[in-house]
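Descriptive analysis of the structure
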Amino acid sequence: QVQLVQSGGGLVQTGGSLRLSCAASGRTFSRYHMGWFRQAPGKEREFVAAITWSGSIKYYADSVKGRFSISRDNAKNTVYLQMNSLKPEDTAVYYCATRTVWTNPGTADYDYWGQGTQVTVSS
């Protein structure tokens, strides 16, 4: 099984920045597409961003365009989510995920998921 270990969550003020990391196990990471999702209490999981295995294509939810940036370093088997200009509505548990198929990257149809990390933005 592919394992994804996340780090970088925390508490920040409105307008602040935070970078999330997701480290994947296995030597096939570079062939996997990656995505970030988030989920607030009582709400369904929401798509945030996705990136192809090569990094050539990036896809963002409208709510984070211009503020968040997804990237990856295949040599380190790690994907990142740089979050700038954070808002209280960004507060959620953030999950990274991976899959081999790129079709409909904004959906939750990913194969493996990280443990999640809490991001809290104070108002």
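Residues numbered from 1 in each chain as written. Predicted model: local features only at pLDDT ≥ 70, side-chain atom pairs only at ≥ 80, totals over all residues. Heavy atoms only, no water.

All right, on to the overall build of the protein chain then. Looking only at helices and strands, the protein chain features 0 helices and 11 strands. Of the regular secondary structure in the protein chain, the N- to C-terminal order runs β-β-β-β-β-β-β-β-β-β-β. Over its C-alpha atoms the protein chain spans a radius of gyration of 13 Å, differing by no more than 12% from the 14 Å that the globule rule assigns to 123 residues. The principal-axis extents of the C-alpha atoms in the protein chain amount to approximately 40 × 25 × 25 Å. Looking at the 123 residues of the protein chain, the share that counts as buried comes to 41%. (Helix = DSSP H or I, 4+ residues; strand = E, 2+ residues; numbered from the N terminus. Rg over C-alpha atoms; globule rule 2.2 N^0.38 Å. Buried < 20%, exposed > 50% of the residue type's maximum accessible area, 1.4 Å probe, protein only.)

In any sheet, the strands associate via hydrogen bonds between backbone groups, in a parallel or an antiparallel arrangement. Pairing is antiparallel in the open sheet, where 4 strands are placed in the order 1-3-8-7. The strands lining the two open edges of the sheet, one partner per strand, are strand 1 (4-7) and strand 7 (68-73). For this sheet the average axis-to-axis angle between neighbouring strands, irrespective of direction, equals 15°. (Pairing = 2+ DSSP bridges. Axes fitted to C-alpha atoms, helices over the stretch in contact; angles between N-to-C directions.)

Judged by how many residues are buried, strand 4 (residues 33-39) sits mostly within the fold: 6 of 7 residues are covered. By the bridge criterion, 7 bridges tie strand 4 to strand 9 (residues 92-99) in an arrangement that is antiparallel. Across the sheet, the residue bridging to glycine 35 is alanine 97, located in strand 9. With 5 bridges connecting them, strand 4 and strand 5 (residues 46-51) associate as antiparallel partners. From the neighbouring strand, arginine 38 faces strand 5, where its bridge partner is glutamate 46. With antiparallel pairing between neighbouring strands as the criterion, strand 4 and strand 5 make up a hairpin whose turn holds 6 residues, including glycine 42 at a positive phi of roughly 80°.

This paragraph deals with the nonpolar core. In terms of nonpolar packing, the biggest core is built from 30 residues, with Trp36, Leu81, Met83 and Tyr94 touching the most fellow members. Among the elements of the structure, strand 3 (18-24), strand 4, strand 5, strand 7, strand 8 (78-83), strand 9 and strand 11 (117-122) are those that each provide at least two residues to this core. When residues in this core are grouped by element, the largest group, 5 residues, is from strand 5. (Core = buried A, V, L, I, M, F, W, Y, C linked by side-chain atoms within 4.5 Å.)

Within the structure shown, the criterion is met by 4 salt bridges. Of the charged contacts, one joins arginine 38 and glutamate 46 as a salt bridge, the two residues approaching to 2.9 Å between their closest N and O atoms. Here glutamate 46 falls in the partly exposed class, since its relative accessible area comes to 34%. (Salt bridge = Lys/Arg side-chain N within 4 Å of Asp/Glu carboxyl O.)

Turning our attention to unusual backbone geometry. The phi dihedral of asparagine 77 falls on the positive side, at around 55°, and the residue is not glycine. Within the fold, asparagine 77 resides in the loop between strand 7 and strand 8. Not every positive phi belongs to a glycine, and serine 85 is a case in point at roughly 50°. Judged by its relative accessible area of 39%, serine 85 falls in the partly exposed class.

Of all 8 residues in strand 9, 7 are buried, a share of seventy percent or more. Bridge count for strand 9 against strand 11 is 3 bridges, and the pairing is antiparallel. Residue pairing for strand 11: alanine 92 is matched across the bridge by valine 119.

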